[in-house]
Amino acid sequence: MQLALGPAQYYWPRTDINQFYEQMLSTPLDIIYLGEVVCGKRHQLRAADWLELAQQLAEVSDKQIVLSTLTLLESRADFNWVRKICDNGKLLVEANDLSAVQLLAEAGLPFTCGPAVNIYNQHALAHLMSLGMVRWTAPVELSGQQLAEVLHACDNKPEVEVFAYGHMPLAYSARCFTARHLGLDKDNCDYRCMEYPHGLPLDSQDGDELFVINGIQTLSGEPTNLLRHYKQLCDLGVDILRLSPQWQQMEQIIDAFDRARRDEPDTELLPPGVDGYWCGRPGLELIARSSAETPDR
C-alpha cells in the first residue's frame, strides 16, 4: 500500500507552501500531488510556479511527484493554466476535469484521474483507460461495497487510489462562498480566503460543523478517516491511500497510516473522523468507533 499526499485544497501563502512541501520530503510518503485545484484567481503560485516547485521536488526526492489541474474552469485563463500543466513534458498529471483528460489523451500522455472526475462503473473506467488513464482516485462518496463491485466487474484495472483522510471535497460552484460571506464580489474578493488556512466552518442550526467553505469549494465539516478500515482497503486491492494536506499535524497523520502498513496500527493517534460514505451510509456518520468494531462490508 502506497501513501499519497493529495493536492492542497486551501489558499496558503507562498512561503508556507514551499516550507510545507520541504517538510513533506522527509516523511514516508510515496507520492506527492501538488498544484492549484480550486480557484484560478489564486495568485501566490501560478502555473509556472507550480511547475518549477514540482520539478525542484522531483530532482531532490525519490517520491513520485504528480501535477494536479484545476477542477472547475471558468475562463480561458483557467484553460491556459491547465494546458501549461498538461504540457509540462516530464511529470505525470492528475486530471480533475474532462478538458484536462482531452488535452492529455490527444497528446498520447498517461494521466491519473482525481476524485472530481465522476467515474462510478467499470464502463467509464474502461473508457478512461483507453484514453490513457493509469490511476483512478475513486469519488469520495463511493462506498467500499460499490468499489468492490466496480473492481470485480473490470477485466483490467488501473492503479486504485482512495481518499482516506481529510475534509472531503464535495462540490464546486461558480459562486465564491468565502467572498459572499464577507460581503465581497467574486471579482473583487481581495483573496480573503488566505485568511482561513482551514477554510470557513459552516454549522447547522444544531451547532454541528456540517460543511467547510473554501472559496468556490464546499468540503465536509468533519474529515473522513479510513484508518480503521485499513485491512478492508488492502483486501479490496486498493493500491494507494490519499491523505489531504492539513495546516497542522500532517506528519502525525502520515505516521498513523504508515504504522498501519507496517502492521503497527494505532487508531487512537488520530481523531476518529467520519466514515459514513465508505460504509454506504450518510457521509457525516461515524460507523467504526473503535478497532474492535467492524462495520458491515
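Report on the accompanying structure. All values derive from a computational prediction rather than experimental measurement. (Residues numbered from 1 in each chain as written. Predicted model: local features only at pLDDT ≥ 70, side-chain atom pairs only at ≥ 80, totals over all residues. Heavy atoms only, no water.)

So, the nonpolar core
Moving on, step 1. Grouped together as the largest cluster of nonpolar side chains are 69 residues, with contacts concentrated most on Tyr21, Trp136, Leu147, Leu241 and Phe257.
Moving on, step 2. Aside from chain neighbours lying at most four places away, what touches Phe257 is Leu3, Ala164, Tyr165, Asn225, Leu226, Leu227, Leu241, Leu243 and Leu270.
Moving on, step 3. Grouped together as the second largest cluster of nonpolar side chains are seven residues, Val38, Cys39, Cys176 and Ala179 included. (Core = buried A, V, L, I, M, F, W, Y, C linked by side-chain atoms within 4.5 Å. Buried < 20%, exposed > 50% of the residue type's maximum accessible area, 1.4 Å probe, protein only. Contact = heavy atoms within 4.5 Å.)

A closer look at unusual backbone geometry
Moving on, step 1. Positive phi outside glycine occurs at Asp190, with the angle close to 60°.
Moving on, step 2. Along the chain, the position of Asp190 falls in the loop between helix 7 (177–181) and strand 8 (200–203).
Moving on, step 3. With relative accessibility at 54%, the residue Asp190 sits in the exposed group.
Moving on, step 4. We note that Tyr191 has phi near 55°; this positive angle belongs to a residue other than glycine. (Helix = DSSP H or I, 4+ residues; strand = E, 2+ residues; numbered from the N terminus.)

Digging into the pattern of salt bridges
Moving on, step 1. Per the counting criterion, the structure on display carries 16 salt bridges.
Moving on, step 2. The partner of Glu94 in a salt bridge is Arg242, and the shortest N-O contact between them spans 2.3 Å. Separated by 148 residues along the polypeptide, Glu94 in strand 4 (residues 92–95) and Arg242 in strand 11 (residues 240–243) bring together distant segments of the chain. For the pair Glu94 and Arg242, one class covers both residues: buried.
Moving on, step 3. When the shortest N-O distance is used, the salt bridge between Glu161 and Arg242 registers 2.7 Å. Of this pair, Glu161 sits in strand 7 (residues 159–172) while Arg242 sits in strand 11; the two residues are 81 residues apart in sequence, bridging distant segments of the chain.
Moving on, step 4. A relative accessible area of 3% places Arg242 in the buried class.
Moving on, step 5. Connected via shared salt-bridge partners are Asp30, Asp258, Arg261, Arg262 and Glu264. (Salt bridge = Lys/Arg side-chain N within 4 Å of Asp/Glu carboxyl O.)

Remarks on the environment of Tyr11
Moving on, step 1. With respect to the helices and strands, Tyr11 occurs in the loop between strand 1 (2–5) and helix 1 (14–24).
Moving on, step 2. The class of Tyr11 is buried, set by a relative accessible area of 3%.
Moving on, step 3. As a C-alpha pair, Tyr11 and Tyr21 span 10 residues in sequence and 14 Å in three-dimensional space.
Moving on, step 4. Ignoring sequence-local partners within four residues, the contact set of Tyr11 consists of Arg42, His43, Gln44, Tyr191, Cys193 and Met194.
Moving on, step 5. A polar contact is formed between the side chain of Tyr11 and the side chain of His43, at a distance of 2.9 Å.
Moving on, step 6. Among the polar contacts listed, one links the side chain of Tyr11 to the backbone nitrogen of Gln44, at a separation of 3.1 Å. (Polar contact = N/O pair within 3.5 Å; in protein donor to acceptor, adjacent residues only side chain to side chain.)

Here's the deal with the packing of helix 3 (residues 76–86) against helix 4 (residues 98–106)
How two helices pack is summed up by the angle between their axes together with the distance between the axes.
Moving on, step 1. One can describe the packing of helix 3 onto helix 4 by two numbers: an axis separation of 10 Å at closest approach and a directional angle of 40°. Classed by the angle they form, the pair helix 3 and helix 4 counts as oblique. The element helix 3 and its partner helix 4 pack so that their crossing is right-handed. For the pair formed by helix 3 and helix 4, the contact residues are Phe79, Val82, Arg83 and Cys86 on the first element and Ser99, Ala100, Leu103 and Leu104 on the second.
Moving on, step 2. Within the contact of helix 3 with helix 4, the residues separate by chemical class into six nonpolar, one polar and one charged. (Axes fitted to C-alpha atoms, helices over the stretch in contact; angles between N-to-C directions. Parallel < 35°, antiparallel > 145°, perpendicular 65-115°, else oblique. Left-handed = near helix turned anticlockwise from the far one by under 90°. Nonpolar A, V, L, I, M, F, W, Y, C, P; charged D, E, K, R; others polar.)

Focus on helix 2 (residues 47–60)
Moving on, step 1. Over its 14 residues, helix 2 runs 21 Å from end to end, which matches the ideal 20 Å to within 8%, given 1.5 Å per residue.
Moving on, step 2. Listed in full, the buried residues belonging to helix 2 are Ala47, Asp49, Trp50, Leu51, Leu53, Ala54 and Leu57. (Expected span 1.5 Å × (residues − 1).)

A few points about helix 1
Moving on, step 1. By the burial criterion, the buried members of helix 1 are Ile17, Phe20, Tyr21 and Met24. Buried residues of helix 1, seen end-on, are gathered within an arc of 90° and therefore sit on one face of the element. Summarising the geometry of helix 1, the exposed residues directed more than 90 degrees from the buried face are Thr15 and Glu22. (Arc of directions from axis to C-beta.)

Let's talk about the environment of Pro265
Moving on, step 1. Along the polypeptide, Pro265 turns up in the segment after helix 9 (250–261).
Moving on, step 2. Assessed through its relative accessible area of 56%, Pro265 is described here as exposed.
Moving on, step 3. Taking the C-alpha atoms as reference, Pro265 lies 8.7 Å from Arg228; in sequence the two are 37 residues apart.
Moving on, step 4. The residues contacting Pro265, other than those within four sequence positions of it, are Arg259 and Ala260.

Digging into the pairing of strand 9 (residues 209–214)
Moving on, step 1. Of the pairings in the sheet, the one linking strand 8 to strand 9 comprises four bridges and is antiparallel in character. Opposite Leu202, over in strand 9, you have Phe211 as the bridge partner.
Moving on, step 2. Taking the residues that link successive antiparallel strands as the turn, the strand 8-strand 9 hairpin has five residues, and the phi of Gly207 there is positive, at about 90°.
Moving on, step 3. Two strands pair when backbone bridges link them, and strand 9 and strand 10 (residues 217–225) are joined in this way by four bridges, in the antiparallel orientation. The residue bridging Val212 from the neighbouring strand is Leu219, located in strand 10.
Moving on, step 4. Counted between consecutive antiparallel strands, the loop separating strand 9 from strand 10 contains two residues, among which Gly215 sits at a positive phi close to 65°. (Pairing = 2+ DSSP bridges.)

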